[in-house]
Amino acid sequence: MTEPRNNAPLNAEPPVFDAAFQQKFAELIAWRRDVRRFRPDAVDPALIEHLLDLAQLAPSVGNSQPWRWVSVDSAAMRVKIRENFIRCNESAASAYQGERAAQYAQLKLEGMDVAPRQFALFCDRATPQGLGVGRQTMPEALDYSVVAMIETFWLAARALGLGVGWVSILDPEAATAALEVPAEWKFIAYLCVGWPVEEHVDPELVRFNWQNRTSVGRGVLYR
Ligand SMILES: Cc1cc2nc3c(=O)[nH]c(=O)nc-3n(C[C@H](O)[C@H](O)[C@H](O)COP(=O)(O)O)c2cc1C
């Protein structure tokens, strides 16, 4: 376990996000990708520490900061998680027939074989931090806080040129048991992190003709 670090503000004065920054920020959002193809090169641990510091500033219900990181480093543990993925992916593949099944089999849905850093993300559902603010009627707001943190981490990583790949094709109970974490921790995500082999402005699933982006969800209902 690494020691938590103190998150001092980056800048004491309110910054000005000028038009050039706004343009760059829009590009950052557009060029963030879910990455499954990594170079094996190591990532400087200082970069990861920097990203963890930034992610610690993410929004969370009641300021509960319920995310818990597990760095999955040992070869034995990585084999366990990858076998978990393979089992779940075989089962997922059987839900498709014909052309779709053939297409599914071609998709690369994780980068665990190469990604130099891998993290399991949990939500500490028993955290006293935040004193329960905001989660009395929707306790799942704690889980959403972890997801909000992941998006912060994802964008910050992309700004450094690092790729992040989210793997959800896992049996969460088996992964939780394998990782031996406290019983109150709920498995949220498995992240592969490393230098990407390639850069794209369009998602891999679009490029491989699985699912296009659409404007569904862009609309707004007014009441
Ligand atoms: C909650 C969540 C779970 C995901 N799980 C997987 C996964 O198991 N395997 C995978 O290849 N991609 C996974 N992804 C990545 C999505 O497929 C990807 O975000 C989407 O296709 C859009 O591509 P983009 O992130 O490059 O824009 C996941 C993304 C999210 C937000």
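One structure accompanies this document, and this report is about it. Keep in mind it's a predicted model, so treat the numbers as computed, not measured.

## Describing the site of the ligand
So, point 1. If you check the shell around the ligand, you find R32, R33, D34, R36, L109, W166, V167, S168, I169, P203 and L205 and nothing else.
So, point 2. Take R33: an N or O atom from its side chain is 2.7 Å from an oxygen atom of the ligand.
So, point 3. The backbone of W166 places a nitrogen or oxygen atom 3.3 Å from a nitrogen atom of the ligand.
So, point 4. Coverage of the ligand by the protein amounts to 72% of the 620 Å² it exposes when considered alone.
So, point 5. Its residues assigned to classes, the shell around the ligand comprises six nonpolar, one polar and four charged.

## So, unusual backbone geometry
So, point 1. Phi is positive for N63, which is not a glycine, with a value near 60°.
So, point 2. Within the fold, N63 resides in the loop between α2 (45–55) and β1 (67–71).
So, point 3. In this structure N63 comes out as exposed when scored by relative accessible area, which is 53%.
So, point 4. Phi is positive for Q65, close to 40°, though the residue is something other than glycine.
So, point 5. Its location among the elements puts Q65 in the loop between α2 and β1.

## Quick word on a nonpolar patch on the surface
So, point 1. On the surface, F17, F21, F25 and I29 cluster together to form a nonpolar patch covering roughly 390 Å² of accessible area.
So, point 2. If you trace the backbone, I29 turns up in helix α1 (residues 19–31).
So, point 3. Judged by relative accessible area, I29 falls into the partly exposed class, the value being 46%.

Reading the values: the criteria
- Residues numbered from 1 in each chain as written.
- Predicted model: local features only at pLDDT ≥ 70, side-chain atom pairs only at ≥ 80, totals over all residues.
- Heavy atoms only, no water.
- Near = heavy atom within 4 Å.
- Polar contact = N/O pair within 3.5 Å; in protein donor to acceptor, adjacent residues only side chain to side chain.
- Areas by Shrake-Rupley, 256 points an atom, 1.4 Å probe, with all protein chains shown as cover.
- Nonpolar A, V, L, I, M, F, W, Y, C, P; charged D, E, K, R; others polar.
- Helix = DSSP H or I, 4+ residues; strand = E, 2+ residues; numbered from the N terminus.
- Buried < 20%, exposed > 50% of the residue type's maximum accessible area, 1.4 Å probe, protein only.
- Patch = residues over 30% accessible without salt bridge, like charges linked within 9 Å, V, L, I, M, F, W, Y side chains within 5 Å.
- Salt bridge = Lys/Arg side-chain N within 4 Å of Asp/Glu carboxyl O.

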